[in-house]
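Architecture and fold: a report
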Amino acid sequence: MPYEAWCGRCDVVSPERRERREDAADELVAHRRETHGGLRPAGGDGVRRVHAEARGDGILPAHTWLAVLVLLALVLANCWGR
């Protein structure tokens, strides 16, 4: 799973996800130097692991629940229509 750097004070995350934690940490250090003068911001920052597709919990793609709901409605409508 890839990693991303985030900053709580700026409310930003790295534009690209990195495969290695060290690469994301380097990006975080660069952000600290450019934006916060090399200091850790009061809002916190760090490197976190994210799902490859960033789909939430990693089990189902986003909006799959909607497709399941529509399918269920179609099945029930078919049953009641007879």
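This write-up is about the structure you can find in this document. What you are looking at is a predicted structure, and each value in this text was computed from that prediction instead of being measured.

Tracing the sequence through the fold places Arg40 in the loop between helix 1 (21-36) and strand 3 (45-49). Taking the C-alpha atoms as reference, Arg40 lies 9.2 Å from Cys7; in sequence the two are 33 residues apart. Other than its neighbours up to four places away in sequence, Arg40 contacts Arg32 and Asp45. Looking at Arg40, its side chain comes within polar contact range of the main-chain oxygen of Asp45, at 3.1 Å.

Once that is clear, we can look at the state of the cysteines. Put plainly, a disulfide is one covalent bond tying together the sulfur atoms of two cysteines. Going through the model one piece at a time under the given rule, you end up with zero disulfides. Here Cys7 is not disulfide-linked; the sulfur of Cys10 is the nearest cysteine sulfur, at 3.7 Å. For Cys7, a relative accessible area of 3% puts it in the buried group. Judged by relative accessible area, which is 28%, Cys10 ranks as partly exposed.

How each quantity is defined
- Residues numbered from 1 in each chain as written.
- Predicted model: local features only at pLDDT ≥ 70, side-chain atom pairs only at ≥ 80, totals over all residues.
- Heavy atoms only, no water.
- Helix = DSSP H or I, 4+ residues; strand = E, 2+ residues; numbered from the N terminus.
- Contact = heavy atoms within 4.5 Å.
- Polar contact = N/O pair within 3.5 Å; in protein donor to acceptor, adjacent residues only side chain to side chain.
- Disulfide = S-S within 2.5 Å.
- Buried < 20%, exposed > 50% of the residue type's maximum accessible area, 1.4 Å probe, protein only.

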